[in-house]
There are 4 protein chains.
Amino acid sequence: MERQLAPEWETSTWLNTPSSLALEELRGRVILLHAFQMLCPGCVSRAIPQAQRAVELFENEPLTVVGLHTVFEHHEAMQELSLRAFLHEYRVRYPVGIDKPGQHGEPIPRTMHAYGMRGTPTTILIDSQGYIRQSVFGAYDDLRLGADIGALLAEVRGTGVRNEGPDDSTRGTERVAGQCSVS
Amino acid sequence: MERQLAPEWETSTWLNTPSSLALEELRGRVILLHAFQMLCPGCVSRAIPQAQRAVELFENEPLTVVGLHTVFEHHEAMQELSLRAFLHEYRVRYPVGIDKPGQHGEPIPRTMHAYGMRGTPTTILIDSQGYIRQSVFGAYDDLRLGADIGALLAEVRGTGVRNEGPDDSTRGTERVAGQCSVS
Amino acid sequence: MERQLAPEWETSTWLNTPSSLALEELRGRVILLHAFQMLCPGCVSRAIPQAQRAVELFENEPLTVVGLHTVFEHHEAMQELSLRAFLHEYRVRYPVGIDKPGQHGEPIPRTMHAYGMRGTPTTILIDSQGYIRQSVFGAYDDLRLGADIGALLAEVRGTGVRNEGPDDSTRGTERVAGQCSVS
Amino acid sequence: MERQLAPEWETSTWLNTPSSLALEELRGRVILLHAFQMLCPGCVSRAIPQAQRAVELFENEPLTVVGLHTVFEHHEAMQELSLRAFLHEYRVRYPVGIDKPGQHGEPIPRTMHAYGMRGTPTTILIDSQGYIRQSVFGAYDDLRLGADIGALLAEVRGTGVRNEGPDDSTRGTERVAGQCSVS
C-alpha cells in the first residue's frame, strides 16, 4: 500500500503555544494529531483525556501531541472564545490549532477535509518522516494506541533496540487498588 | 545497564494448554508474563482483564500472553481445583502455569522468587531473545504497556518499519459513545 | 433545625419545555434541582448523567428533574446559543432554566445567590411542600441520592407503605456483566 | 398483590459476626440481603462493592446488610476456607452466612431455594416487619436501590417526615473531579 504524506494543516489560530506549529518543523518526531470538537461528548469523555495521558507518559520521548479543533456543526456555538474557556476548564495544556473554515459555505473545515476525516474524535499518527501511519475515527483502544506509538518511536531510535534492563523504579509507581504485597 | 536473561519458570501444572510451555520454545516471540493470585483483588479487577485484552488485540502479532499463578499467602484457599473454577468463571483462555511451591517452608513460590517479584499483580515483558525488558508491580498503564509491547514487537520485525498506510478499517470498528459523524 | 422554603427561581429563558416552570406549580411533587455550567467538567462527567438517570428511573413517580444553568465564570463562553448546542449534543431532555445574571456586575446569577450555592454542580432536593431538604455541592453518591429521593417520595405517598410484593420483573431487567444463572 | 413473609434462612456457619444472625432478631430494621458466590464475576465487580457502600452510607440508620454465600456450582472450589480468605482479601466486614447445602444431591442450597433465587448476585430487601419487598437478580442500579432503601427506612421512622434542613455539611464531603467553586 502507498504511504500517504500528511497534508500540511490549515489553521486560523493556535492556542497553548507561543507560535503556530508547522508540520515540517516536527519532522523527526512522532505526531499524535487528535481532531475534536469541544461539544462532542465522545471527545470530552474519551479522546481528550487519552491525549492528556499521552502527553504525560511520553514527555521524555520524541512524541508531540497536537489538538485540532475541527468544527463541522454548531459553528456559532464553538467559537474561539468558548474554546478558550473550555481548554482552561478541562486543563488541556497541549497546543491546539483551530481548523480553517471550509470555503464557499462548506461546513467541513479545511484540514479535516484534506485528511478525509469522517467525524470527531479522529486520532491520526504521523511518523517522523511525515507519513500518516494510522487514522482512527471513534474509539482507539489505549493498548492499541500505545503499541502503535511504541512502534513509531522505535523507528525514531533507529536500530530500535533499547538497552535498558527491567525498569521497575520508573514504572510501577502508581498503585493498583487491591494489589497484594509480599510482607 | 546489564540486561538480565529471564530465568526459566518452574511450574507444577499448566492449564488452558495441551502441554507445558517452556520459555525456550517461545524464543522469537515477545512474552507478556503476568503473575497473579486468584484472590488478589487488583489482579481480578485490573491485571487479568488487561492481559485478556492483550490476547485479543495482538492475536496476529508475535506476542504470547502467559499467566503465572504465584500463591504466596492463603495457600490452602487457592488450590488447583479452585483455580480451575476461577479461570472458567472469568473466561480466562490463555495458558496459565502454577508456580512451584517454595522449598523448606518458604511461602514464596519458586518462579516468583527467581524473578524477584514483590507481590501481585506483576507484569513482565520478555523480548524475543529471552531478556527481561520490563517488570512492573501494581498498575501498568494501558498506554505505557502498549508502547512497551509495540517497541518490542518492532524489534522482532527487524528493520522495524511497517509499510502500511492508514488503517482505518481495522482500527476504528469499536464506536466511542458520543462520537460525532459528518452527516 | 428550621426548614427553609425554597426561594422561587429567577430565570431568563427555559429550554426543553414549552413554557417556563414555576416552583409553585410543582407543589405536590419532589423536585431534583440540579445547577450546572456547560463547561464545568464535574457537571458533564457526573451530575448531568446522574440527573438523566433519575429522569428515567423515576418517570412513573412524582419526581421532577429541573436543570438550572448557573453561569458564574466565563459568561461570554456559555451563552444561550452554546447551551442549546450543548443540550442537543449531550441528549439532555429535561427542562433547563437559565439563571438570571446578577445585578450591578455581580458575577453570581440570582437564583444561585438566593440558594447560597458554592459552585457547580450543586444538587438540591425540594419536598412536595416546597421545602429544601438537601443541598449538596460536588459529588452526591448515587445510593445516598436515591435514598434521599426515596424518603421524600414516601412522604408524598402519605402513609408511605407501598403494598407491592417482590418486583423482580421490572427491576432486574438490566444484566450485570458476569452474573451466574442457575442452569 | 400478596406480600410474602421472608423465609428464615438456613445456614451452616456465620463469618464476620460473633454469633449467628436470625431473621427474627432483626425485626424493626430494614435488611439488605445479598446472595453471592465468591467466584461469580458479577458479584465481585458489582454486588459486593455495592453492599459495602450501603454499609458505610447507612451506618447510622436502621439498615442491616447481610451476605449469603449461595454456592450452586463449583462446590468444591468455594469451601469455607477459601471464602474466609476471599472475605479477608476483599475487606468484606459485614456478616456473611453460608447457605446450607441442598438435600438429596440438590445443587441449589436451601435458603437460595426457599427464596426462589435464579442465580447470583441476587439482592433482596426485607422490610422492618419481615416482608420481602424487592428481589432483584443481576444489576440493581444504585439510584434505584437507594430509593427502595429510602422508602423502607421512611416506613421505620413512622410518620416518615424527617425535619432536617439542608444538610450540606454531611453530604458533599466527597469532591467530584472537576467541580467548579465560586472563588
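Residues numbered from 1 in each chain as written. Chains lettered and ligands numbered in written order. Predicted model: local features only at pLDDT ≥ 70, side-chain atom pairs only at ≥ 80, totals over all residues. Heavy atoms only, no water.

What follows deals with the overall build of chain A. Counting its regular elements, chain A contains five helices and nine strands. N-terminal to C-terminal, the α/β element order of chain A is β-β-β-α-β-α-β-α-β-β-β-α-α-β. At 18 Å, chain A has a C-alpha radius of gyration in line with the 16 Å of a compact globule built from 183 residues. Counting only C-alpha atoms and orienting by the principal axes, one finds that chain A spans roughly 65 × 40 × 30 Å. When contacts within chain A are restricted to residue pairs at least 6 apart in sequence, those whose partners lie at least 24 apart make up 71%. Of the accessible surface of chain A, which amounts to about 7,600 Å², a share of 48% is contributed by carbon and sulfur atoms. Across chain A, the mean location of the 17 positive side-chain charges is 2 Å away from that of the 23 negative side-chain charges. (Helix = DSSP H or I, 4+ residues; strand = E, 2+ residues; numbered from the N terminus. Rg over C-alpha atoms; globule rule 2.2 N^0.38 Å. Contact = heavy atoms within 4.5 Å. Areas by Shrake-Rupley, 256 points an atom, 1.4 Å probe, with all protein chains shown as cover. Lys, Arg positive; Asp, Glu negative; His and termini not counted. Charge placed at Lys NZ, Arg CZ, Asp CG, Glu CD.)

Now for the sheet that holds strand 5 (residues 96-99) of chain D. All names here are of chain D. Strand order in the open sheet formed by seven strands is 1-8-7-3-4-5-2, with mixed pairing between adjacent strands. Lying at the two open borders of the sheet, with one neighbouring strand each, are strand 1 (4-5) and strand 2 (11-15). Where strand 1 meets strand 8 (residues 131-137), two bridges bridge the pair, whose relative direction is antiparallel. Bridging from a neighbouring strand, Gln4 pairs with Ile132 of strand 8. Across the sheet, helix 2 (residues 80-89) is in contact with strand 2, strand 3 (30-36), strand 4 (63-69) and strand 5; its angle to strand 2 comes to roughly 30°. (Pairing = 2+ DSSP bridges. Axes fitted to C-alpha atoms, helices over the stretch in contact; angles between N-to-C directions.)

Here we come to the relation of the copies chain D and chain C. Superposition of chain D onto chain C requires a rotation of 180° combined with a translation of 0.0 Å along the rotation axis, giving an RMSD of 0.0 Å. Such values leave the two copies arranged in the relation of a two-fold axis. (Least-squares fit on C-alpha atoms with pLDDT ≥ 70 in both.)

Attention shifts here to the environment of C:Pro107. Along the chain, the position of C:Pro107 falls in the loop between strand 5 (96-99) and helix 3 (110-114). Once residues within four sequence positions are removed from consideration, C:Pro107 is found in contact with C:Val71, C:Phe72 and C:His75.

We now examine the confidence of the model for chain A. Residue and element names in this part refer to chain A. For chain A, mean pLDDT is 91; residues scoring 70 or higher make up 91% of the total. Counting contacts from residues 160-173, a segment whose pLDDT is below 50, to residues more than four positions away or on other chains yields 42 contacts. Interface scoring of the predicted complex returns ipTM 0.89; its pTM is 0.91. (pLDDT = per-residue confidence, 0-100.)

The subject of this paragraph is the environment of C:Arg157. By secondary structure assignment, the location of C:Arg157 is in the loop between helix 4 (142-156) and helix 5 (168-171). The exposure class assigned to C:Arg157 is partly exposed, which follows from its relative accessible area of 32%. (Buried < 20%, exposed > 50% of the residue type's maximum accessible area, 1.4 Å probe, protein only.)

On to unusual backbone geometry, then. Leaving glycine out, the prevailing phi sign among residues is negative, and the prevailing peptide bond configuration is trans. Residue C:Thr120 is joined to C:Pro121 through a cis peptide bond whose omega torsion reads -5°. At A:Asn16, a residue that is not glycine, the phi angle is positive and equals roughly 65°. Along the polypeptide, A:Asn16 turns up in the loop between strand 2 (11-15) and strand 3 (30-36). For C:Arg91, which is not glycine, the phi torsion reads 55° and is therefore positive. With respect to the helices, strands and loops of the structure, C:Arg91 is situated in the loop between helix 2 (80-89) and strand 5. The exposure class of C:Arg91 is partly exposed, given its relative accessible area of 48%.

Attention shifts here to helix 1 (residues 41-57) of chain B. All names here are of chain B. Look at helix 1: 24 Å from first C-alpha to last across 17 residues, which is about the 24 Å you get at 1.5 Å a residue. Of all bends in helix 1, the biggest is about 35°, found at Ala47, and the proline Pro49 comes one to four residues later. Those residues of helix 1 that sit buried are Pro41, Gly42, Cys43, Val44, Ala47, Ile48, Gln50, Ala51, Gln52 and Ala54. (Expected span 1.5 Å × (residues − 1). Bend = angle between axes of the 7 residues up to and from the residue.)

Right, let's talk about the side chain of A:Asp141 for a bit. Note on placement: A:Asp141 falls in the loop between strand 8 (131-137) and helix 4 (142-156). For A:Asp141, a relative accessible area of 17% corresponds to the buried category. When near neighbours in sequence (up to four residues on either side) are disregarded, A:Asp141 contacts A:Arg46, A:Gln50, B:Arg53 and B:Leu57.

Looking now at the interface of chain D and chain C. Every contact between the two is made by 66 residues of chain D and, on the other side, 66 residues of chain C. Surface buried jointly by chain D and chain C totals about 5,500 Å² across both partners, of which 55% is contributed by carbon and sulfur atoms. Summed over the shared surface of chain D and chain C, the result is four salt bridges. With a closest N to O distance of 3.9 Å, D:Asp141 and C:Arg53 form a salt bridge. (Buried area = accessible area lost by both parts, 1.4 Å probe. Salt bridge = Lys/Arg side-chain N within 4 Å of Asp/Glu carboxyl O.)

When charged atoms on two side chains of opposite charge get close, those side chains can pair. Enumeration according to the criterion identifies 36 salt bridges over all chains in this entry. C:Glu80 is the salt-bridge partner of C:Arg84, the closest N and O atoms lying 2.9 Å from each other. Placement of both C:Arg84 and C:Glu80 in helix 2 is noted, with a separation of four residues, approximately one turn of the helix. What makes C:Arg84 partly exposed here is its relative accessible area of 46%. C:Arg133 serves as the salt-bridge partner of C:Asp127, at 2.8 Å between the closest nitrogen and oxygen. C:Arg133 sits in the buried class, given a relative accessible area of 1%. Three or more residues are tied together by salt bridges with common partners; here these are A:Arg3, A:Asp127, A:Arg133 and A:Glu155.

Packing of helix 4 of chain A against helix 4 (residues 142-156) of chain B leaves a shortest axis separation of 6 Å and a crossing angle of 45°. Between helix 4 of chain A and helix 4 of chain B, the angle falls in the class oblique. As for the relative orientation of helix 4 of chain A and helix 4 of chain B, their crossing is right-handed in sense. Of helix 4 of chain B, the residues touching helix 4 of chain A (which contributes A:Asp142, A:Leu143, A:Leu145, A:Gly146, A:Ala147, A:Gly150, A:Ala151 and A:Ala154) are B:Asp142, B:Leu143, B:Leu145, B:Gly146, B:Ala147, B:Gly150, B:Ala151 and B:Ala154. Among the residues making up the contact of helix 4 of chain A with helix 4 of chain B, the classes are represented as 10 nonpolar, four polar and two charged. (Parallel < 35°, antiparallel > 145°, perpendicular 65-115°, else oblique. Left-handed = near helix turned anticlockwise from the far one by under 90°. Nonpolar A, V, L, I, M, F, W, Y, C, P; charged D, E, K, R; others polar.)

Okay, the pairing of strand 3 (residues 30-36) of chain C next. Residues and elements named next belong to chain C. Here strand 3 lies mainly inside the structure; seven of its seven residues are buried. Residue alternation in strand 3 divides its side chains into two sets, Val30, Leu32, His34 and Phe36 and Ile31, Leu33 and Ala35, and both sets are buried. Two elements, strand 3 and strand 4 (residues 63-69), share seven bridges in a ladder whose sense is parallel. When the bridges of strand 4 are listed, Val30 appears paired with Leu63. In this fold, the crossover linking strand 3 to strand 4 by way of helix 1 (residues 41-57) has right-handed handedness. (Right-handed = clockwise from strand over helix to strand, strands pointing away.)

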